Structure formats: C-alpha cells, structure tokens
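Per-entry structural report
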Amino acid sequence: MQRNRFLSDLLSQLFDRPGLMRGRDDTRSITELCEALLSAEGEVSGFRLASTVLERYRALDDDAKISFFEYLNEQLEIEAQLVADLAGQYAKNRDTDVFRNLSDAAEPRRQELLRRLNQPTGATQELVAMRVDILRFLKTHPELKRTDIDFVHLLRSWFNRGFLVLKQITWDTPARILDKVVAYEAVHQISDLDDLRRRLYPPDRRCFAFFHPSMPDEPLIFVEVALTANVPGSIDDLLSDARVPLSAEQAKIAVFYSISNCQKGLAGISFGNLLIKQVAAELALEIPGLETFVTLSPIPGLNRWLTSQCDDKDHGSVAEAILAQHATPDEVSQLAARYLLNAKRDDGLPLDPVARFHLGNGAAVHELHAGADTSENGIAQSSGAMVNYLYDLKRTERLHEEFALHATVAASRPVQALASATRAKKPKETSA
C-alpha cells in the first residue's frame, strides 16, 4: 500500500512539471476534460486528467452535478441501433471480429470513463461518493438510473470478495477508525466511548469489518458479536453495563446483534452475507466450544404492517393493542410470527427487509421475543419485539437455495406454531 502511494505521488509530481500537460490551470470544461480522458490524450495523460475531473466535480453545486450526470447519461450512451445490427450479424455468423465489435458497442462509454477516472490515489472513494449524489438525484431524475446501473456494475467488480480484507476491530484499533464505527453504527446507537469500550474490550465481545485496499481507513460494513452461554432474548440485557462478562471458553453461542453498512455509495452491493459467514468460520476456529450462531435482530417493518392490520376482523384488536403497548408478550410474539412468515411483497418475498437479508443468507427464523428492545427506536418500529435468526452452518446453503428458488421462509417449529395460532383464516397480506 505504501509503495502504491509512493508511485502515485511520484506520478503526480511528474505530471505537475511545466509543459508536460495542462494540469490544474486547464480551462476546459469538465465535459471537455472527460472527452479528453476518453481520447488518445487520456492514454498519455490519464492520471492528471482524471485528477482534474475529480477535483472539478468536487467543486460543483447540485445543479451542475445533475448536468454532469446528464452528460454521462445521454452523450456517453450506447448506440442502440449499432448494437442491434451487430447482434443480428453475430446471430448469423459467430465471427470473432463481430463478437469483439458487439462487445465494444454494447458497453456505454461512461463505463470506460469511470475506469479511467479511477486512476489517482483515493479515486475509488471519490467515485463511491459520486454515486451517493446519483442516488440522491434519482428521486427527481429517474432517467439517471442507466448511469447508476453502470456505477453498480463497476463497483461490484472493484469490491468483489477477492479484494475485501476482514479485520477485527478492537479497543486498540486506531482512533480514526473507531470514530467511524461510532458514526456508522446504524442499529444500536453507541452513546459514548464507555459504550464503545463495552462492545469491543471484554473477552466475550467481538467486532469485525470488511475493508478495501483503496479505502484502508473506511470500513465497508461491520458486525458486532456477543459471545454468550444462552440464546439472548433482549438487546437491553445484552448491552447492559451491569452484566458480568464471560470468558471466551465459557461461551456456547455467538450472537450477531448489529450489522451496519457504512458506505451509502455502495448500496445494493451486498457484503453482509459474506461477512457473517466468514466471521462465523473465524470464530468457530478461534473458539471450538461455540455450538450455535444466531442473530438478535430488529423487526423494522412490524409496526407499519400492524397499522395496516387494524381493520382485520380476527386480529385487528390485537394489532391495535400491540401498537398501544397494551398487548401481552404472547400476543406480540404471535403477530410478529405471522408477519415474518406470512406477510409478503408482490414478488412473494418477505415484507420485512431484515428477514429478506437473513433468510436470503440461509438462516431460519428461530425465536421471537417481546419487550426485547425498549429503546425509542425499538418501540417505534416493532413495539419492542426482536427475533433470533439461526445460522446452522450445515444447512445454510440448502436454505439459501430454497429461499432463492421458492421464497421458502425457514422457521423453527415453535415459530411456525405461533404464526398458525393466530390464523383462523388466510391472512390479509400487505404489499410493500
């Protein structure tokens, strides 16, 4: 990494020499600079051109950024008719030269531009930040989705598993990274340094993150793990500052209780499934006595769904009682089970986003817990209910396949019984 930075700095110094190229005083517009980067000039002076384009982009206001993305979207688009003609030729005669021409024509020029922009040190992180802007603009400029597809295509390639580095985050990790763990925690807010220490320092706590070599100080995603003797039913107890820590040797359960994606610009590029499975494998090697891998997960869509059920003849009164915090724990667990197992989107997948994530990774709904999260957010999104998803490492591949092919929701028998206990008739499903 240090060698790469040295080479980048050396190239930068060389390109800053007078007469070698225009550099910072280049008066061309950002789109003219992009065209130059895509031309023969870019072959010779690509490093400096890319640096200038990225620097110029950072200075743009939102209107100018939208204009820049419209340029990418329209001017660097594929020639659809040319692609159609070449595809027709290739269908008749699978000639190698026609295939090469078809492949070139089918790739928008903006993909090559993004590749050439990714030359200077730090460029990858700047392109990730650029996608954050695109995602913001899609709300009012949906046509930019074509350009976003190209960003995702390249980012998936640059951030594939072969480039990711798994690191354990400890109390001794540099402060600049610990500060980002605090800032990026998206599930259970870290209130202060003492709270952070309780999650990293005791022998029954672990935290792991994926990093990318081009962004060494930026975690991409991290997972917090608690080592316990039993499957936990309360995040309040799990994070209590009054609890007595276990030694790692006493632990039988590894609990994934918080997973936080850190980079908005990498939305839609999944790391969580890889992270959980690799961390489980690492922990199994480190602590042979671990028998079970579970999550303690929020149910973020439960209250929204309960609101839609208030008019249901059979269960509406219970839904209203849960929302008003007047229901019994059994009633909460029963409707939570019904929601997780039966409430589906139009495409047949579970309505709950966290359920889709874990079930898609090959986990199963294991246990439900009322009153497990009494935080303001926990009450607001699920009336305090939480769920354990079980990762049985011997079954994850099969369950993943069944979910991917048939949208099968795997669940323990007790959870299945809870869901069916509330169902006097076919439930009224809600689509997202």
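For the structure, check the block above.
Residues numbered from 1 in each chain as written. Predicted model: local features only at pLDDT ≥ 70, side-chain atom pairs only at ≥ 80, totals over all residues. Heavy atoms only, no water.

Buried residues dominate strand β8 (residues 386-390), accounting for five of its five residues. Burial along β8 is two-sided: M386, N388 and L390 and V387 and Y389, pointing in opposite directions, are all buried. Taken together, the two bridges between strand β6 (residues 297-298) and β8 define a ladder with antiparallel strand orientation. Bridging across to β8, P298 finds its partner in M386. When strand β7 (residues 364-369) meets β8, the two strands line up antiparallel, connected through five bridges. Looking at β8, one finds that L368 is bridged to V387. (Buried < 20%, exposed > 50% of the residue type's maximum accessible area, 1.4 Å probe, protein only. Helix = DSSP H or I, 4+ residues; strand = E, 2+ residues; numbered from the N terminus. Pairing = 2+ DSSP bridges.)

Ranked by internal contacts, the top residues of the largest apolar core, which has 92 residues, are L340 and V365. For this core, the element with the highest residue contribution is helix α16 (residues 329-342), accounting for seven residues. Discounting residues that sit within four places of it in the chain, L340 has contacts with I299, P350, D352, A355, V365, L368, V387, Y389 and V409. Core analysis: the second largest hydrophobic core is formed by twelve residues, I169, L178, V181 and F222 among them. (Core = buried A, V, L, I, M, F, W, Y, C linked by side-chain atoms within 4.5 Å. Contact = heavy atoms within 4.5 Å.)

So, about the packing of aromatic side chains. Inspection of the entire model under this criterion finds seven aromatic pairs. Taken together, the ring pairs in this structure connect Y57, F68, F69 and F137 into an aromatic cluster. The aromatic ring of F211 is capped on one face by K167, whose charged end is 5.1 Å from the ring centroid. One Lys or Arg, R197, reaches over the ring of Y201 and ends 4.2 Å from the middle of that ring. (Phe/Tyr/Trp six-rings, centres within 6.5 Å; stacked < 30°, edge-to-face > 60°. Lys NZ or Arg CZ within 6 Å of the ring centre and 35° of its normal.)

What follows covers the side chain of Q381. Tracing the sequence through the fold places Q381 in helix α18 (residues 376-382). Q381 has contacts with P298, I299, P300, G301, L302 and N303, leaving out every residue within four places of it along the chain.

Among all positions in helix α7 (residues 109-117), only R110, Q111, L113, L114, R116 and L117 are buried. Next to the buried residues of α7 lie α2 (30-38), α3 (40-58), α4 (62-75), α8 (123-137) and α9 (145-158).

Moving on, we come to the packing of α8 against α9. Angle between the axes and distance between the axes are the two parameters that describe a pair of packed helices. Running from N to C, α8 and α9 cross one another at 150°; their axes reach a closest spacing of 11 Å. Between α8 and α9, the angle falls in the class roughly antiparallel. α8 and α9 meet at a crossing whose hand is left-handed. On α9, the residues touching L127, V128, M130, R131, I134 and L135 of α8 are T147, D148, F151, V152, L155 and W158. Here the residues of the contact of α8 with α9 sort into nine nonpolar, one polar and two charged. (Axes fitted to C-alpha atoms, helices over the stretch in contact; angles between N-to-C directions. Parallel < 35°, antiparallel > 145°, perpendicular 65-115°, else oblique. Left-handed = near helix turned anticlockwise from the far one by under 90°. Nonpolar A, V, L, I, M, F, W, Y, C, P; charged D, E, K, R; others polar.)

Where charged atoms from two side chains of opposite charge come close, those side chains can pair. The full count for this structure, using the stated rule, is 30 salt bridges. In this structure, E77 and R110 form a salt bridge, with 3.3 Å as the shortest nitrogen-oxygen distance. In this pair, E77 sits in the loop between α4 and α5 (80-92) while R110 sits in helix α7, placing the two residues 33 residues apart along the sequence. When salt bridges that share partners are traced, they join E43, E107, E112, R115 and R116 into one network. (Salt bridge = Lys/Arg side-chain N within 4 Å of Asp/Glu carboxyl O.)

Tracing the sequence through the fold places S260 in strand β4 (residues 253-261). Within polar-contact distance, the side chain of S260 engages the backbone nitrogen of A186 at 2.9 Å. Ignoring anything within four residues of it in the chain, the contact list for S260 reads Y184, E185, A186, V187, L220, I221 and F222. (Polar contact = N/O pair within 3.5 Å; in protein donor to acceptor, adjacent residues only side chain to side chain.)

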